[in-house]
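Overview (structure and organization)
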There are 2 protein chains.
Amino acid sequence: MTLQLEGWFARRGDTPLGDHCGIDRTMQLVGNRTSMLLLREAFHGTTRFDALHRRVGVTEAVAAQRLKELVAAGVLTKEPYREPGQRTRHEYRLTEAGHALLPIVIALLEWGGRYTPSEFGPSRLTHADCGAPAHVEIHCEAGHAVPEEDLVVRAPHDR
Amino acid sequence: MTLQLEGWFARRGDTPLGDHCGIDRTMQLVGNRTSMLLLREAFHGTTRFDALHRRVGVTEAVAAQRLKELVAAGVLTKEPYREPGQRTRHEYRLTEAGHALLPIVIALLEWGGRYTPSEFGPSRLTHADCGAPAHVEIHCEAGHAVPEEDLVVRAPHDR
DNA sequence: ATTCTGGCTATGGCATCCAATAGTCAGCCT
DNA sequence: AGGCTGACTATTGGATGCCATAGCCAGAAT
């Protein structure tokens, strides 16, 4: 009913993992509501400060602060651009590391849609090519869907 | 380079989504470091208060508070049990909704392992049945892996 | 009867997150 | 020249998250 642990994960005592755990490090970087919602907007294609802060529904001060952190964390870039006849502005775009956050964002979206009540239904995810419903899943490189009890977590450099 | 939006998502102005967004609701329930780490331990099979608070590395007061919230959110249950010759204790176990958080937790783990520096390497995930490396992916029900640009997000009850 | 352990609760304080309000600055528009 | 807009910065204040320390209570062990 739970994961299978290997390496020293399996026989550790009560010592906390602390920064050795990727979950912890990820949560410290992007584990707050505003950052996740800003990332949602970035995945929706929103690039400008004004739209970002408005669509997330947060004050400008907070949006500016979180965006600065996300740029520092390397998940967004702030790049100058100019539309013809406009002055130079900046746009926020996902880096490769930022794009790699998609499974987290979609997993949050799916879980919320399924397990938290809302007067509106959940968003539906589909594959553009074939139209079939899409979901976040754990898959192995041999192509199998991996259920929780078949997932092995091996601690780094085994000892 | 971004998601494909359908329904009113595609043509909304600058109105914030607020609680209509599952990401937001999920973050409000479990979007903090301690809750995620407690969930990590739950997936590792840890059920007792003492072990949970020690292995997460958080004070008892905070652990008690977060566990209470997780139970209230319906992702953990607190059930009495007794070992022979021991007094009644309580164990914290994942509910079905709790187990459904696994993709979020694993996605956080994978991203942290790949994009945040650590003196130790990342944890390795494998499929117990075939031994192949495993990852969190977005898949459609027809069996295709869905890249970001082919993922369609349709707003609830299209209008 | 006293001690010990597991599982908490209580208190105080510091830090972070957020809202609300106000102000700044650059440059286009009139 | 003055106003407007986009993109911020600054300040105040409240709520939440966390730590550290201390205390409480039930029931087994002694």
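Everything here concerns the structure above.
Note that the coordinates shown come from a computational prediction; the quantities given were computed from them, not determined experimentally.

Reading the values: the criteria
- Residues numbered from 1 in each chain as written.
- Chains lettered and ligands numbered in written order.
- Predicted model: local features only at pLDDT ≥ 70, side-chain atom pairs only at ≥ 80, totals over all residues.
- Heavy atoms only, no water.
- Core = buried A, V, L, I, M, F, W, Y, C linked by side-chain atoms within 4.5 Å.
- Buried < 20%, exposed > 50% of the residue type's maximum accessible area, 1.4 Å probe, protein only.
- Contact = heavy atoms within 4.5 Å.
- Phe/Tyr/Trp six-rings, centres within 6.5 Å; stacked < 30°, edge-to-face > 60°.
- Near = heavy atom within 4 Å.
- Polar contact = N/O pair within 3.5 Å; in protein donor to acceptor, adjacent residues only side chain to side chain.
- Helix = DSSP H or I, 4+ residues; strand = E, 2+ residues; numbered from the N terminus.
- Least-squares fit on C-alpha atoms with pLDDT ≥ 70 in both.
- Pairing = 2+ DSSP bridges.
- Axes fitted to C-alpha atoms, helices over the stretch in contact; angles between N-to-C directions.

Within the largest apolar cluster, 88 residues are counted, with the highest numbers of intra-cluster contacts made by A:Ile23, A:Met36, B:Ile23 and B:Met36. Residue contacts for A:Ile23: discarding those within four places in its chain leaves B:Met36, B:Leu37, B:Arg40, B:Val105, B:Leu108 and B:Leu109.

This next bit is on the packing of aromatic side chains. All names here are of chain A. On inspection of all chains with the given rule, the structure shows four aromatic pairs over all chains. Pairing Trp-8 with Phe-9 gives two aromatic rings, centres 4.9 Å apart and planes at 80 degrees, and the pair type is edge-to-face. With respect to burial, Trp-8 and Phe-9 carry one shared label: buried.

Neighbouring DNA strand C are 20 residues; A:Thr34, A:Val58, A:Arg66, B:Asp50 and B:Glu60 lie closest to it. Across the atoms of DNA strand C situated within 4 Å of the protein, the share located in sugar and phosphate is 73%. In this structure, B:Asp50 approaches DNA strand C through a main-chain N or O atom, which is 3.1 Å from a phosphate oxygen. Between DNA strand C and B:Tyr92 there is a distance of 3.1 Å, counted from a phosphate oxygen to a side-chain nitrogen or oxygen. Elements with a contribution of two residues or more to the surface near DNA strand C: helix 2 (33-43) of chain A together with helix 3 (49-56), helix 4 (60-72) and strand 3 (89-94) of chain B.

Another point: the environment of B:Asp19. Positionally, B:Asp19 belongs in the loop between strand 1 (4-6) and helix 1 (22-30). For B:Asp19, a relative accessible area of 49% translates into the label partly exposed. Placed 96 residues apart in sequence, B:Asp19 and B:Tyr115 show a C-alpha to C-alpha distance of 30 Å. Excluding residues within four positions of it along the chain, B:Asp19 makes contact with A:Ser118, B:Asp24, B:Arg25 and B:Gln28.

Glancing now at the relation of the copies chain B and chain A. With an RMSD of 0.0 Å, the operation that places chain B on chain A is a rotation of 180 degrees combined with a shift of 0.0 Å along the axis. On the angle and the small slide along the axis, the relation comes out as a two-fold axis. Comparing interface residues between copies, 100% of those in chain B also lie at the interface in chain A; the contact surface is shared.

Residue and element names in this part refer to chain B. Every buried residue of helix 3 is listed here: Ala-51, Leu-52, His-53, Arg-55 and Val-56. Those residues of helix 3 hidden inside the fold are in contact with helix 2 (33-43), helix 4 and strand 3. Phi for Gly-57, located one or two positions after helix 3, is positive at around 80 degrees.

Strands sit in the order 1(A)-6(A)-4(B) across an open sheet of three strands; the sheet is mixed. Every other strand in the sheet has two partners, leaving strand 1 (4-6) of chain A together with strand 4 (124-127) of chain B as the edge strands with one partner each. For this sheet, the mean inter-axis angle between neighbouring strands, taken without regard to orientation, is 25 degrees. Examined bridge by bridge, strand 1 of chain A and strand 6 (residues 151-154) of chain A share three bridges and lie parallel to one another. Paired with A:Leu5 across the bridge in strand 6 of chain A is A:Val153.

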